[in-house]
Amino acid sequence: MKKSVKMNMVGNMAKVEPLPAQTADELIYDLPASNTAVTPVTLSSGTPMLPAPIIKIPFTNQLTPETFLRLKQFECWGGMEIQDILEEALTAFFADKPEADRELPIKAKEKLRKKLPNLK
């Protein structure tokens with residue numbers, strides 16, 4: 001009579017390294033994964049704490065077909081997401097525009113806060 005051999009299924013499995021998280025664009029266009037990993041911050045008590053997520057406000061706008069095409073081309077070949085391109089472009093645009101740092105009038109700011117409660 002043969003002894004039954006129990007197989008250790010877990011032990012026989014090959015170790016699989018986790019793939020880095022990729023955005024949909026990176027997966028679709030076979031772009032290299034961007035380094036968007038969040039590194040936990042350790043408190044003095046030794047407890048790890050993740051940084052607060054960055055709040056992003058969705059909005060819509062319109063571009064000429066030529067500008068939109070260039071935006072999509074850069075998104076594909078430049079390896080950046082549209083939201084990051086716009087953030088970088090607008091930050092550079094506002095750098096020499098002191099009006100962009102001027103406080104809104106109280107009524108305008110209150111009206112905006114009703115739509116965007118997370119606004120500072």
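Everything numeric in this text was worked out from a predicted model, so none of it was measured.

### Re the overall build of the chain
At step 1: Check the secondary structure of the chain and you find five helices and two strands.
At step 2: Ordered by position in the sequence, the α and β elements of the chain form the string α-α-β-β-α-α-α.
At step 3: A burial count over the chain gives 8% of its 120 residues as buried.
At step 4: Counted over contacts in the chain with a minimum sequence separation of 6, partners at least 24 positions apart contribute 22%.
At step 5: Within the structure as shown, the chain displays about 11900 Å² of accessible surface, and the carbon and sulfur contribution to it stands at 62%.

### Things to note about the pattern of salt bridges
At step 1: Across all of its chains, the model carries four salt bridges by this definition.
At step 2: Residue Glu75 pairs with Lys72 through a salt bridge whose shortest N-O separation is 2.8 Å. A residue pair is termed a helical-turn pair when its members lie 3 or 4 positions apart in one helix, as Glu75 and Lys72 do in helix α3 (residues 65–78) at three residues.
At step 3: You can call Lys72 partly exposed: its relative accessible area is 32%.
At step 4: Lys109 serves as the salt-bridge partner of Glu103, at 2.9 Å between the closest nitrogen and oxygen.
At step 5: A residue is classified by how much of its surface remains accessible, and Lys109, at 19% relative accessible area, is buried.

### Section: α3
At step 1: Helix length check: α3 (14 residues) gives 19 Å between terminal C-alpha atoms against 20 Å at 1.5 Å per residue, within 8%.
At step 2: Every buried residue belonging to α3 is among Leu71, Glu75 and Cys76, and all of these are buried. In a view along the axis of α3, the buried residues occupy a sector of 130°, so they form one face of it. Counted as exposed and oriented over 90 degrees from the buried face of α3: Glu66, Arg70 and Trp77.
At step 3: Just beyond α3, the residue with positive phi is Gly79, at close to 75°.

### As for the packing of aromatic side chains
At step 1: For the structure shown, the criterion picks out one aromatic pair.
At step 2: Measuring from ring centre to ring centre gives 5.5 Å for Phe93 and Phe94, while their planes differ by 70°; the resulting arrangement is edge-to-face.

### Points about the environment of Asn118
At step 1: Along the chain, Asn118 turns up in the segment after α5 (106–115).
At step 2: Judged by relative accessible area, Asn118 falls into the exposed class, the value being 56%.
At step 3: Residues Asn118 and Lys56, spaced 62 residues apart in sequence, show a C-alpha to C-alpha distance of 9.7 Å.

### Examining the environment of Thr67
At step 1: Mapped onto the secondary structure, Thr67 falls in helix α3.
At step 2: A polar contact of 2.9 Å, which involves the side chain of Thr67, links it to the side chain of Thr64.

### Section: the side chain of Glu75
At step 1: Since its relative accessible area comes to 6%, Glu75 is described here as buried.
At step 2: At 2.8 Å, the side chain of Glu75 forms a polar contact with the side chain of Lys72.

### As for a nonpolar patch on the surface
At step 1: Residues Phe59, Leu86, Leu90, Phe93 and Phe94 make up a contiguous nonpolar surface patch of about 480 Å² in total accessible area.
At step 2: With respect to the element layout, Phe94 can be found in helix α4 (residues 82–94).
At step 3: Residue Phe94 is classed as partly exposed on the basis of its relative accessible area of 40%.

Criteria and cut-off values
Residues numbered from 1 in each chain as written. Predicted model: local features only at pLDDT ≥ 70, side-chain atom pairs only at ≥ 80, totals over all residues. Heavy atoms only, no water. Helix = DSSP H or I, 4+ residues; strand = E, 2+ residues; numbered from the N terminus. Buried < 20%, exposed > 50% of the residue type's maximum accessible area, 1.4 Å probe, protein only. Contact = heavy atoms within 4.5 Å. Areas by Shrake-Rupley, 256 points an atom, 1.4 Å probe, with all protein chains shown as cover. Salt bridge = Lys/Arg side-chain N within 4 Å of Asp/Glu carboxyl O. Expected span 1.5 Å × (residues − 1). Arc of directions from axis to C-beta. Phe/Tyr/Trp six-rings, centres within 6.5 Å; stacked < 30°, edge-to-face > 60°. Polar contact = N/O pair within 3.5 Å; in protein donor to acceptor, adjacent residues only side chain to side chain. Patch = residues over 30% accessible without salt bridge, like charges linked within 9 Å, V, L, I, M, F, W, Y side chains within 5 Å.

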